[in-house]
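In case you want the letters, here they are:
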Amino acid sequence: MKLPPLATLRAFEAAARRTSFSLAGQELGMTAAAVSQHVRNLEAWLGVALFERHARGVRLTPAGKEFGTTVSTALKQIASGAERISRGRERPVVHLASLPSVVTYFLTPRLPRFRALHPDIQVSISYSGAQHAGPADLTIGHGISFADNAVPLFSAETRPTCAPGYIAKSGPFSDEASLLRAELLHDDTETAWQSWFAAADLSLSYGAGPIFADFNLLVTALKAGQGIGLCPTVLLREEIARGQLTVLFDRASDADKYYWLIRPEEMTAPAKILADWLMAEAHASQSHYSAATI
């Protein structure tokens, strides 16, 4: 492939675009005389004049206009291709928006495994609904149902849970009715406990126990032995396995609720890798709980 010297092409493209050797020189960081010399070398190589030179400046010849378009298009394609290749070398980032409870008790303990499997993918985590958070590639939500682009990760069933120390201090709790005399802790509202007792034909008076606006605060209070809370059992599997928390009764509330992975119709390859990994981890966590005894 026979090509003109690349330095002459770059100088000519700038001069043709700016119709000025001086302005081209300022853009390229060289003198107007150097640009003029590059153009003359290119004209000599081509055997055709590219500029008409006048006392007040320069003007492209018909051949210069045609060749200027060709060179400009080619250089833009080279620049665009170089930018795409350069971007491809950057570490891909997947933005995940999630509930704080899922980040704390499900995602954070497992992230090292994902990093070991995919060290080239960086995961950026924010709380779902946070005002400062940008658009997310994936979102983890909680509820009865979501849109068609959501898949259930694991059950959100909640059961009476507390620290062994609270049982030693305030127990025993031999049946469900015995919980009516316990210090009951609430996550956001008293509705969950009201519903749990109502399903057993028991009535809980209002105003029993503190209400925590954040689930992480509730779990902190439970671990400190301050009372009993209705907690998603699968989410606290590790704490239960380590003996930090105990599930008192198997009957669950919120059996119709799930934690959902919300995926866009079109995902990047790294986002799909993270989505598949989350679903596999959630399935393993659910299976481990189902096989265990409470």
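Please read all numbers here as calculations on a predicted model, not as lab measurements.

The rules behind these values
Residues numbered from 1 in each chain as written. Predicted model: local features only at pLDDT ≥ 70, side-chain atom pairs only at ≥ 80, totals over all residues. Heavy atoms only, no water. Helix = DSSP H or I, 4+ residues; strand = E, 2+ residues; numbered from the N terminus. Rg over C-alpha atoms; globule rule 2.2 N^0.38 Å. Contact = heavy atoms within 4.5 Å. Areas by Shrake-Rupley, 256 points an atom, 1.4 Å probe, with all protein chains shown as cover. Buried < 20%, exposed > 50% of the residue type's maximum accessible area, 1.4 Å probe, protein only. Pairing = 2+ DSSP bridges. Axes fitted to C-alpha atoms, helices over the stretch in contact; angles between N-to-C directions. pLDDT = per-residue confidence, 0-100. Phe/Tyr/Trp six-rings, centres within 6.5 Å; stacked < 30°, edge-to-face > 60°. Lys NZ or Arg CZ within 6 Å of the ring centre and 35° of its normal. Salt bridge = Lys/Arg side-chain N within 4 Å of Asp/Glu carboxyl O.

### Structural notes on the overall build of the protein
Step number 1: Within the protein one finds 10 helices and 12 strands.
Step number 2: For 294 residues, the compact-globule estimate of 2.2 N^0.38 gives 19 Å, and the C-alpha radius of gyration of the protein, at 34 Å, exceeds that figure by more than 25%.
Step number 3: Each principal axis of the C-alpha atoms in the protein carries an extent, and together these give about 105 × 35 × 35 Å.
Step number 4: Considering only residue pairs separated by 6 or more positions, the protein has 73% of its internal contacts joining residues 24 or more positions apart.
Step number 5: Element-wise, carbon and sulfur atoms account for 54% of the exposed surface of the protein, whose accessible area totals about 16,200 Å².

### Examining the environment of Pro264
Step number 1: Turning to its location among the elements, Pro264 is positioned in the loop between strand E12 (258–262) and helix H10 (269–291).
Step number 2: Overall, the relative accessible area of 35% leaves Pro264 in the partly exposed class.
Step number 3: Considering only alpha carbons, one finds Pro264 and Asn41, 223 residues apart in sequence, at a separation of 55 Å.
Step number 4: Non-local contacts of Pro264, meaning those with residues more than four positions away in its chain, are made with Asp137, Leu138 and Asn149.

### Details of the sheet that holds strand E3 (residues 93–98)
Step number 1: Strand order in the open sheet formed by five strands is E4-E3-E5-E12-E6, with mixed pairing between adjacent strands. Of all the strands in the sheet, just strand E4 (122–127) and strand E6 (150–155) have a single pairing partner and so form its edges. Taken pair by pair, the neighbouring strands of this sheet meet at an average axis angle of 25°, ignoring direction.
Step number 2: One ladder, built from two bridges, connects E3 with strand E5 (residues 138–143); its direction is parallel. Paired with Leu96 across the bridge in E5 is Leu138.

### With respect to the pairing of E5
Step number 1: Where E5 lies against E12, five bridges are found, and the strand directions are antiparallel. Bridge pairing in E12 links Gly143 to Tyr258.

### A short note on the confidence of the model for the protein
Step number 1: Considering every residue of the protein, the mean pLDDT works out to 87; 91% of them sit at 70 or more.
Step number 2: Every residue in residues 289–294 is under pLDDT 50, and counting partners more than four places away or in other chains gives nine contacts.

### Considering the packing of aromatic side chains
Step number 1: Under the defined criterion, the tally for this structure stands at 13 aromatic pairs.
Step number 2: A centroid spacing of 5.3 Å and a plane angle of 75° characterise the contact between Phe21 and Phe51, whose relative ring orientation is edge-to-face. Placement of Phe21 in helix H2 (residues 21–28) and of Phe51 in strand E1 (residues 51–54) is noted, with a sequence separation of 30 residues between them. Each of the two residues, Phe21 as well as Phe51, counts as buried.
Step number 3: The lysine or arginine in question, Arg251, covers the ring of Trp196, its NZ or CZ lying 4.1 Å from the ring centre.

### Quick word on the pattern of salt bridges
Step number 1: As enumerated under the stated definition, the model contains 14 salt bridges in all.
Step number 2: One salt bridge connects Arg159 with Asp250, and the closest N-O pair in it is separated by 3.1 Å. Taken together, the positions of Arg159 in strand E7 (residues 158–162) and Asp250 in the loop between strand E11 (246–247) and E12 put the pair 91 residues apart, joining distant regions of the chain.
Step number 3: Arg159 gets classed as buried once you look at its relative accessible area, which sits at 7%.
Step number 4: Overlapping salt bridges, with partners in common, bring together Glu13, Arg17, Arg18 and Glu27 in one network.

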